[in-house]
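Geometric and topological summary
The residues making up each chain are set out below.
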Amino acid sequence: MEKFMPVGITSLMLSQLLVTVTMGSSHKRLGELVNSERNLLDSLEAEIKQQESHVLFLERRLEELSASSPPRQIDKEQYLSNALNNLVLIRRLIIDWSTIARIVPDLLTIPSEVPWPKEEDMRYIARPVARLQRTYGLSTEDLARGWVLGSPADVNITGVDCLNVALYYHQEYHHLLASQWLDHALAKLDNSVTSTAVLDLAVLSRCYLGDTAGSVSALTELLTNFPDHTPATHLDKWQKITSSDCPQQKVTREKWRKQIEFSDVSEESMDTFHSLCRAVTGSSLQAQHVLSCRYVHYNKTRLRLGPFRVEELQLNPPVLMFHDIISDAEIRAVQRCASRRTMRMSRVHTASKP
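One structure accompanies this document, and this report is about it. Because the structure is a prediction, the values reported are computed rather than measured.

What counts and how
Residues numbered from 1 in each chain as written. Predicted model: local features only at pLDDT ≥ 70, side-chain atom pairs only at ≥ 80, totals over all residues. Heavy atoms only, no water. Helix = DSSP H or I, 4+ residues; strand = E, 2+ residues; numbered from the N terminus. Buried < 20%, exposed > 50% of the residue type's maximum accessible area, 1.4 Å probe, protein only. Contact = heavy atoms within 4.5 Å. Areas by Shrake-Rupley, 256 points an atom, 1.4 Å probe, with all protein chains shown as cover. Axes fitted to C-alpha atoms, helices over the stretch in contact; angles between N-to-C directions. Parallel < 35°, antiparallel > 145°, perpendicular 65-115°, else oblique. Left-handed = near helix turned anticlockwise from the far one by under 90°. Nonpolar A, V, L, I, M, F, W, Y, C, P; charged D, E, K, R; others polar. Patch = residues over 30% accessible without salt bridge, like charges linked within 9 Å, V, L, I, M, F, W, Y side chains within 5 Å. Salt bridge = Lys/Arg side-chain N within 4 Å of Asp/Glu carboxyl O. Polar contact = N/O pair within 3.5 Å; in protein donor to acceptor, adjacent residues only side chain to side chain.

Within the protein, the secondary structure is distributed over 14 helices and 5 strands. Expressed as a percentage of its 354 residues, the buried residues of the protein come to 29%. Counting contacts in the protein only where the partners sit at least 6 residues apart, residues at least 24 apart contribute 62% of the total. About 24,000 Å² of surface is accessible on the protein, with carbon and sulfur atoms providing 57% of the total.

Another aspect to go through is the environment of Asp 200. Inspection of the secondary structure puts Asp 200 in helix H8 (residues 195–208). According to the relative accessible area criterion, Asp 200 is buried, its value standing at 10%. Remark: the alpha-carbon pair of Asp 200 and Ala 218, spanning 18 residues in sequence, is separated by 7.9 Å.

Further remarks concern the packing of helix H3 (residues 83–101) against helix H4 (residues 121–136). Viewed as axis vectors pointing N to C, H3 and H4 meet at an angle of 165 degrees, and their least axial separation amounts to 9 Å. In this view, H3 runs roughly antiparallel relative to H4, as classed from their interaxial angle. Viewed along their axes, H3 and H4 form a crossing whose handedness is left-handed. Across from Ala 83, Leu 84, Asn 86, Leu 87, Ile 90, Arg 91 and Ile 94 in H3, the residues of H4 making contact are Asp 121, Met 122, Ile 125, Ala 126, Pro 128, Val 129 and Leu 132. Each residue belonging to the contact of H3 with H4 can be placed in one class, and the counts come to 11 nonpolar, 1 polar and 2 charged.

Now for a nonpolar patch on the surface. A cluster of nonpolar side chains, Tyr 298, Leu 320, Phe 322, Ile 325, Ile 326, Ile 331 and Val 334, forms an exposed patch at the surface whose accessible area comes to about 620 Å². Topologically, Ile 325 is positioned in the loop between strand S5 (319–323) and helix H14 (328–339).

Before going further, it helps to examine the environment of Arg 294. Looking at where Arg 294 falls in the secondary structure, it is placed in strand S3 (residues 293–296). Given a relative accessible area of 38%, Arg 294 falls into the partly exposed group. Residues Arg 294 and Glu 312, spaced 18 residues apart in sequence, show a C-alpha to C-alpha distance of 8.6 Å. A polar side-chain atom of Arg 294 sits 2.9 Å from a polar atom in the side chain of Glu 312.

Dropping the structure here:
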């Protein structure tokens, strides 16, 4: 029996050593798992804080968009008859809702019969505002405050709205109006737009007006306050234009504008056309006492039952306004039929560009 004692003791010692090693290894792994759980708790806490910040952001955006969106009970036809309302509507859909969709990706997948507007649609929706302003000689200040022909819009015109209209005018070579809208964008300078975006465009618009000093001033302010800003055009082109070429740029841009705008008619004819449009608003060129209103049926049996109401606005050249030639229900029916087949119209011109 004594011969086997060392062997038994050795086996016991080996067994205890094995248990110690095994338990030590398990203890180490368990310690690592404890650390892993702590990391999970930290990650969960960070995720909750991020989600809470997202919820706060969404609640704030919901409040802002609800305030700027038309009330549910509003007359949509009346609302959409104001070009400024349409401008802000498209801006909300393209810019404001896109920022929300980054947090809620499935939000913009709601089925709709009308395609969701894209960024290039901002140009098309700014065109009616520009055409309205030029046709009726409206002041930029009134439009930037939300007033059209003495009537207020249902929305608040923000800095980015002014910038979008300015960008349209800039692309159409109407740099005076572009500069005016940029000034109002800078004056508003709300959280919808940054001064870098406005000054970036102001550098070129002022130069194309022949205002070298104003262009250099905008460039200096931009690079002084934002030295890391990446310009929309190459800096060497900026410096070349603003250093010596602004008066020549004005002449060239004005030539391009006339080539595009008056390719088919003269500038004088367009002025006459605009004056006729202004006559519709009540500023008629004809004395009011010689004008009349009457019913017209053209000896048609159907029209005798429902004649057109015709109002004379001007006699020479004749300008007439026809009332009630189509009902609101008929208009909506035509719009529904046309919306599925309508494609955006674009203008193509061959005027040379730089």
